[in-house]
Amino acid sequence: MNTIVVAQLQRQFQDYMVSLYQQGYLDNQFTELRKLQDEGSPDFVAEVVSLFFDDCAKLINDMSISLERPDHVDFKQVDSGVHQLKGSSSSVGARRVKNVCIAFKECCDVQNREGCLRCLQQVDYEYKMLKTKLQDLFNLEQQILQAGGTIPQVDIN
Amino acid sequence: MSASDSCSSSMEEELHVLAVDDNLIDRKLVERILKISSCKVTTAENGLRALEYLGLGGDPQQSDPVTSTNVMKVNLIITDYCMPGMTGFELLKKVKQESSKLKEVPVVILSSENIPTRINKCLASGAQMFMQKPLKLSDVEKLKCHLLNCRI
């Protein structure tokens with residue numbers, strides 16, 4: 001095992017993780033999610049976030065259909081979708097996605113179609129951005145493991 | 001039920017929890033947290049499924065041996081409040097209205113919203129606890145201690 005390479009990768013991982021929190025992509029609930037992972041369930045976080053991203057894609061698609069026709073918007077369906085998305089994003093620590101959902105709900109409550117469309121676009125952007133970032137994070141984890149190292153505990157404070 | 005239900009054996013018994021939530025991610029989360037906390041977990045995606053599992057779903061005349069043993073085995077029900085169809089509150093009421101042993105099963109309500117009137121009505125209808133989502137590992141550890149201390 002090349003200890004220098006491992007140390008470099010671990011440092012990269014740590015810095016990247018901290019930056020994701022500092023930039024508001026993730027919050028404390030993601031830390032809580034990581035606590036649920038162990039040698040017995042080493043892929044728990046990856047599995048849950050993967051389900052989350054699939055869920056995002058589906059919900060966003062359904063909501064975009066509901067919002068499509070200006071004269072015939074099913075706000076009830078949209079509200080249900082936003083509720084689901086807000087819940088899921090909160091549960092995995094996807095802070096930016098959750099925050100867009102809060103604004104999205106407000107637009108839905110007042111039946112503001114334009115506002116909803118903007119929020120829909122934003123939530124789509126945010127979940128895809130997070131997906132890319134977390135993929136990079138997981139890749140770093142894999143590199144560390146392949147180099148024979150262990151994933152460091154990251155203290156966010 | 002048995003004479004050996006002392007404090008020490010209660011601590012060693014595995015809690016069987018029925019977790020009800022319409023959101024897949026939340027089900028995965030609660031299941032994992034409960035399993036780490038050494039609980040046996042059964043998940044249900046809505047109130048009706050939960051009642052079916054507990055033997056209340058179908059014909060009340062039917063005494064299905066499989067479902068009636070489920071009632072005896074469930075030590076705790078954790079349910080989301082906001083669910084389409086039957087809400088967690090309605091599920092709570094159905095459980096507490098039972099004349100069987102089922103009404104003694106503690107029911108914990110989970111909600112993402114901290115609304116005092118909601119909390120009060122759940123507690124008034126017999127909910128053991130009201131907890132805020134998202135659930136963390138430490139929440140269930142606290143819950144377990146609370147429940148195990150309450151068991152006589």
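Because the structure is a prediction, the values reported are computed rather than measured.

Turning next to the UniProt feature "modified residue: Phosphohistidine" (unreviewed entry) in chain A. Here the UniProt-annotated "modified residue: Phosphohistidine" (unreviewed entry) positions come out as H83(A). A residue is classified by how much of its surface remains accessible, and H83(A), at 30% relative accessible area, is partly exposed.

Glancing now at the pairing of strand β2 (residues 40-44) of chain B. Residue and element names in this part refer to chain B. The pairing of strand β1 (residues 16-20) with β2 spans 5 bridges and is classified as parallel. Within β2, the position partnered with V17 by the bridge is V41. As for the winding sense of the linkage, the β-α-β connection from β1 through helix α2 (residues 24-36) to β2 is right-handed.

This part covers the layout of surface pockets. Residues and elements named next belong to chain A. In this structure, the second largest pocket encloses a volume near 670 Å³. R34, Q37, E141, I151 and Q153 are, among the 25 residues lining the second largest pocket, the residues nearest its centre. Taken together, the elements giving at least two residues each to the lining of the second largest pocket come down to α1 (3-22), α2 (28-35), α3 (44-67) and α6 (113-146). Here the lining of the second largest pocket is built from residues that sort into 13 nonpolar, 6 polar and 6 charged.

The subject of this paragraph is the confidence of the model for chain A. Taken residue by residue, chain A gives an average pLDDT of 95. The fraction at 70 or more is 99%. The least confident element of chain A is α2(A), whose mean pLDDT is 95; the most confident is helix α5 (residues 95-109) of chain A, at 98.

On to the pattern of salt bridges. Residue and element names in this part refer to chain A. If you walk through the whole model with that rule in mind, you get 19 salt bridges over all chains. The shortest N-O distance in the salt bridge between D15 and R11 comes to 3.2 Å. You can see D15 and its partner R11 sitting in helix α1, 4 residues apart, about one turn around the helix. Judged by relative accessible area, R11 falls into the exposed class, the value being 52%. A salt bridge links R34 to E141, with the shortest nitrogen-to-oxygen separation between them at 3.7 Å. Of the two residues, R34 is situated in helix α2 and E141 in helix α6; the sequence distance between them amounts to 107 residues.

Residue and element names in this part refer to chain B. Feature annotation in UniProt places "modified residue: 4-aspartylphosphate" (unreviewed entry) on D80, given in this structure's numbering. Take D80: it is sitting in strand β3 (residues 76-80). Overall, the relative accessible area of 5% leaves D80 in the buried class. Apart from the residues lying within four places of it in its own chain, the contact partners of D80 are V20, D21, D22, G88, L110, S111 and K133.

Further remarks concern the nonpolar core. In this structure, F30(A), L33(A), F52(A), F104(A), L134(A) and L34(B) are the most contacted members of the largest nonpolar core, which totals 66 residues. When sequence neighbours within four positions are dropped, the list of residues in contact with F30(A) reads M17(A), Y21(A), V45(A), V49(A), V92(A), G93(A), L134(A) and L137(A). Formed by 24 residues, the second largest nonpolar core is a distinct cluster that contains V74(B), V105(B), I119(B) and A127(B).

Residue and element names in this part refer to chain B. Sheet architecture is open: 5 strands sit in the order β2-β1-β3-β4-β5, paired in parallel fashion. For this open sheet the edge positions go to β2 and β5 (129-132), each flanked by a neighbour on one side alone. Averaged over all pairs of adjacent strands, the angle between their axes in this sheet comes to 20°, without regard to strand direction. Strand direction decides the pairing type here: strand β4 (residues 107-111) and β5, joined by 4 bridges, are parallel.

Now for the packing of aromatic side chains. Tallied over the entire structure, the rule returns 2 aromatic pairs over all chains. When the ring of F52(A) is compared with that of F53(A), the centres are 5.4 Å apart and the planes differ by 50°; the resulting orientation is tilted. Judged by relative accessible area, which is 0%, F52(A) ranks as buried. Among the aromatic residues, those joined into a ring-pair cluster are F52(A), F53(A) and Y127(A). The aromatic ring of F44(A) is capped on one face by R32(B), whose charged end is 5.6 Å from the ring centroid.

How each quantity is defined
- Residues numbered from 1 in each chain as written.
- Chains lettered and ligands numbered in written order.
- Predicted model: local features only at pLDDT ≥ 70, side-chain atom pairs only at ≥ 80, totals over all residues.
- Heavy atoms only, no water.
- UniProt positions renumbered as here; feature names shortened; annotations may be inferred.
- Buried < 20%, exposed > 50% of the residue type's maximum accessible area, 1.4 Å probe, protein only.
- Pairing = 2+ DSSP bridges.
- Helix = DSSP H or I, 4+ residues; strand = E, 2+ residues; numbered from the N terminus.
- Right-handed = clockwise from strand over helix to strand, strands pointing away.
- 1 Å grid on protein atoms, 1.4 Å probe; cavity = no way out; pocket = protein on both sides within 12 Å on 5 of 7 lines; lining within 4 Å.
- Points joined across faces, edges and corners; volume = space filled by probe spheres on them.
- Nonpolar A, V, L, I, M, F, W, Y, C, P; charged D, E, K, R; others polar.
- pLDDT = per-residue confidence, 0-100.
- Salt bridge = Lys/Arg side-chain N within 4 Å of Asp/Glu carboxyl O.
- Contact = heavy atoms within 4.5 Å.
- Core = buried A, V, L, I, M, F, W, Y, C linked by side-chain atoms within 4.5 Å.
- Axes fitted to C-alpha atoms, helices over the stretch in contact; angles between N-to-C directions.
- Phe/Tyr/Trp six-rings, centres within 6.5 Å; stacked < 30°, edge-to-face > 60°.
- Lys NZ or Arg CZ within 6 Å of the ring centre and 35° of its normal.

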